[in-house]
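Remarks on the overall topology
Letter by letter, the chains look like this.
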Amino acid sequence: MNPALSRPAALRALGFLVLWVVVTGGNPADLVAGAVAVLAASWASLHLLRPGTSRVRPTVLARLVLRFLCQSVVAGVDVARRALDPRLPLNPGFVLYPVRLPPGPRRDMFTALMSLLPGTVPTGSAAGGLFIHCLDVGQPVAAQLAEEEALFARIVEDLHGND
């Protein structure tokens, strides 16, 4: 193996191993499958994102994670409140959100992040927009998503610069 790849490969493998142990609860019976999964994930990771091609800044990444966690809690409480309210204040439906990010990895990352937030699920795309299933179409879903997208675009720009 190329010495320049040794450290990044070891760090990625260690990260995947930690993730495997967390997911499986550290069950020794799962370690053989885990070793295979770690090797495959490390190999794919090294080929899909070569070491040195990304300039991740920990503070910016922490900002994105913190924002996501806060939004998840707020949205989760709202979903639970709506679901448990005897009047069931739901007005589900679809909204076409005119996404500004161009097709590609950044839009895919934003779509994946959006799918993790309770109450909104991207379900497809058409004509430069994303179809979003939401719990209440009477809420300003498109405005909220535009705010999230703008923040996401700024954070990704800070993370990666002008790739």
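The paragraphs below set out a description of the structure included in this document. (Residues numbered from 1 in each chain as written. Predicted model: local features only at pLDDT ≥ 70, side-chain atom pairs only at ≥ 80, totals over all residues. Heavy atoms only, no water.)

**Observations regarding the pattern of salt bridges**
Stated formally: A side-chain nitrogen of Lys or Arg and a carboxyl oxygen of Asp or Glu constitute a salt bridge if their distance falls within 4 Å. Where helices and strands are cited, they refer to DSSP runs of H or I of at least four residues and of E of at least two residues respectively, numbered from the N terminus. The classification of residues rests on relative accessible area computed with a 1.4 Å probe and restricted to protein chains. Under 20% of the type maximum is buried, over 50% is exposed, and intermediate values are partly exposed.
For the structure on display, the rule yields five salt bridges. One salt bridge connects arginine 67 with glutamate 148, and the closest N-O pair in it is separated by 2.5 Å. Residue arginine 67 is found in helix H3 (residues 58–84), and its partner glutamate 148 is found in helix H5 (residues 141–160); the two are separated by 81 residues along the sequence. On the basis of relative accessibility, which here comes to 26%, the residue arginine 67 falls in the partly exposed class. Linked through salt bridges whose partners overlap, the residues forming this network are Arg67, Glu147 and Glu148.

**What to know about a nonpolar patch on the surface**
Which entries qualify depends on this criterion: Every patch collects residues that have over 30% relative accessible area and no salt bridge, joining them within 9 Å if they carry like charges and within 5 Å if they are nonpolar side chains (Val, Leu, Ile, Met, Phe, Trp, Tyr). The Shrake-Rupley method, run with a 1.4 Å probe, gives the accessible areas here. Residue values count only the displayed protein chains as cover.
Where nonpolar side chains cluster on the molecular surface, the patch consists of Leu14, Leu17, Val18, Val21, Val22 and Leu31 and spans about 510 Å² of accessible area. For the nonpolar patch, the element with the highest residue contribution is helix H1 (residues 3–24), accounting for five residues. In this fold, leucine 14 is placed in helix H1.

**Here's the deal with empty space enclosed by the protein**
Vacant regions in the atomic arrangement are exposed by a probe of water-molecule size rolled over the atoms. We apply this condition: Cavities and pockets are defined on a 1 Å grid built over the protein atoms alone: a cavity is a set of grid points where a 1.4 Å probe fits but cannot escape, while a pocket is an open set with protein on both sides within 12 Å along at least five of seven lines, and lining residues are those with an atom within 4 Å of any such point. Grid points are joined across faces, edges and corners, and a volume is the space filled by probe spheres set on the points. Under the scheme applied here, ten amino acids are nonpolar (Ala, Val, Leu, Ile, Met, Phe, Trp, Tyr, Cys and Pro), four are charged (Asp, Glu, Lys and Arg), and all others, including Gly, are polar.
Applying the stated criterion to the full structure yields one cavity of 30 Å³ or more. If you add up the space inside the largest cavity, you get close to 100 Å³. In terms of lining residues, the largest cavity is bounded by Leu64, Arg67, Phe68, Gln71, Phe110, Leu113, Met114, Leu117, Leu145, Glu148, Leu151 and Phe152. Put simply, the parts of the chain that give the lining of the largest cavity at least two residues each are H3, helix H4 (105–116) and H5. The class makeup of the residues in the lining of the largest cavity is nine nonpolar, one polar and two charged.

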